[in-house]
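Secondary and tertiary structure notes
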Amino acid sequence: MNVTYTIIAPIYNEIDNLSELVRRVKEVMDSTGEPWELILVDDGSTDGSTEKIRQLARADKTVRPVIFARNFGHQVAITAGWDYARGDAVIIIDADLQDPPETILELVKKWKEGYEVVYAVRGVREGESWFKVWTASLFYRLIYRITDVKIPVDTGDFRLMDRKVVNVLKQMKERHRFPRGMSAWVGFKQIGVTYKRVARVAGVTKYPFNKMLRLALNAITGFSYFPLQVATFFGFVSAGLAILAIPIVIYMRILGSGAFFGQATTLIAVLFLGGVQLISLGILGEYIGRLYDEAKGRPLYIVREAPEDQ
Ligand code: UDP
Ligand code: MG
């Protein structure tokens, strides 16, 4: 079947948002007059969202359910959406309606002007804690500075991508994913559209601090060697300090100074170096763990139920 637009919504325990999501997406997409589909990727929900998705799909053929065998994470759910998408333009949207479906029309407009990636930039953010907004803002700026790819700041996964881009992304099989970075990495003609990120319609965030930290680690390790370089840098700094200290201490001893005697000095030096070494080991470990995951080559996700019309 030929469809122009595929909307992908990853879903993890969003039962109270689903009907509204489908209704609003339908309203907006019908207004384009072009064929579209909505892929609801159930990322191992436990609150009955799964059954609700099945119901919605039975009632409306534009809704195509992809149901995971367990929770694989937001990024992987988006990836599954790419794999099942049939549209010429693919749009990723949050299921909690924080990304207003009406904004899709603005993304579509830019696509029709010839842009291949149209990402939505979060202007105002409503209904989120200051901590969330502050950590997110810090995160975007940190990533922008240290990664090799210029990932636009204040930009989430809400975006439209041309079929050409999605076909490239489908070939990128990395396990620890950061889709917005991947979509910046591929190049093509990109542009941002600013929108107002509103409060969730229902439910609570599925991104507690530890998940945000994981995502940040994926972004940093996936797109830069910066942490490894920091380890090298500290290695050089502490070695340099030690080399400088040797002649100074010898000189002071010759002059008869009693400084740098005793356990405390030794202890501090040992603890400092031990700390630097352990942190460097940890950083190496992050990269090696990721390599190990890649080497295992397990499937990225397991689908329990794929859309019938696949
Ligand atoms: N989500 C998911 N799997 C997860 C966590 C979240 O599919 O393990 C979905 C969630 O249902 C929502 C989107 O990802 O549609 C964004 O999550 P959320 O709104 O909780 O994040 P926030 O907007 O608070 O950053
Ligand atoms: Mg949200």
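Within every chain, residues take consecutive numbers counted from 1 along the sequence as written. Key to labels: chains lettered from A, ligands numbered from 1, both in the order written. pLDDT decides what is reported in this predicted model: residues at 70 or higher carry local features, side-chain atom pairs at 80 or more are listed and counted, and totals for whole chains, interfaces and linings draw on all residues regardless. No hydrogens and no water enter the side-chain calculation; it runs on all heavy atoms of the structure.

1. As for the coordination of the magnesium ion (ligand 2)
Reference geometry at the metal: tetrahedral coordination by four donors gives ideal angles of 109.5 degrees; octahedral coordination by six donors gives 90 or 180 degrees. Counted as coordinating are nitrogen, oxygen and sulfur atoms within 2.8 Å of the metal, or 3.2 Å for Na, K and Ca, while water is not included, which may make sites look incomplete. Protein coordination at the magnesium ion (ligand 2) comes from Asp96 (OD) and Gln98 (OE1), with a distance range of 1.9 to 2.0 Å. Buried residues are those whose accessible area, probed at 1.4 Å on protein chains only, stays under 20% of the maximum for their type, while exposed residues exceed 50% and partly exposed ones sit between those limits. Since its relative accessible area comes to 3%, Asp96 is described here as buried.

2. Examining the packing of helix H9 (residues 226-254) against helix H10 (residues 263-296)
What describes two packed helices is the angle between their axes and the distance between those same axes. Where H9 meets H10, the axes come as close as 9 Å, and the angle between the chain directions of the two elements is 160°. For the element pair H9 / H10, the angle class is roughly antiparallel. The handedness of the crossing between H9 and H10 comes out as left-handed. Facing Phe226, Pro227, Leu228, Ala231, Phe234 and Ser238 of H9, the residues of H10 in contact are Phe272, Leu273, Val276, Ser280, Ile283, Leu284 and Tyr287. Only C-alpha atoms enter the line fits that serve as axes; for helices the fit covers just the stretch in contact. Angles between N-to-C directions range over 0 to 180 degrees. Going along the chain from the N terminus, every DSSP run of H or I of four or more residues is numbered as a helix, and every run of E of two or more is numbered as a strand. The labels follow the angle: roughly parallel below 35 degrees, roughly antiparallel above 145, roughly perpendicular from 65 to 115, and oblique for the rest. Whether a crossing is left-handed or right-handed is set by the direction in which the near helix is turned from the far one by less than a right angle, anticlockwise for left-handed and clockwise for right-handed. We call two residues contacting when some pair of their heavy atoms lies within 4.5 Å.

3. Looking at the pairing of strand S3 (residues 63-68)
Across the six residues of S3, six count as buried, placing the element largely inside the fold. What you see with S3 is no split at all: Val63, Pro65 and Ile67 on one side and Arg64, Val66 and Phe68 on the other are buried throughout. As judged from the five bridges shared by strand S2 (residues 36-42) and S3, these two strands associate in the parallel manner. Its bridge partner being in S3, Leu40 is matched across the sheet by Pro65. Read as a crossover between parallel neighbours, the route from S2 over helix H2 (residues 49-59) to S3 is right-handed. Strands are labelled as partners when DSSP assigns at least two bridges between them. Of the strand pairs in this sheet, S3 and strand S8 (residues 303-305) are connected by two bridges, and their pairing is antiparallel. Note on S8: the bridge partner recorded for Phe68 is Val303. When the strands point away from the viewer and the connection leading from the first strand across the helix to the second strand turns clockwise, the crossover is called right-handed.

These figures come from the coordinates and say nothing about function on their own.
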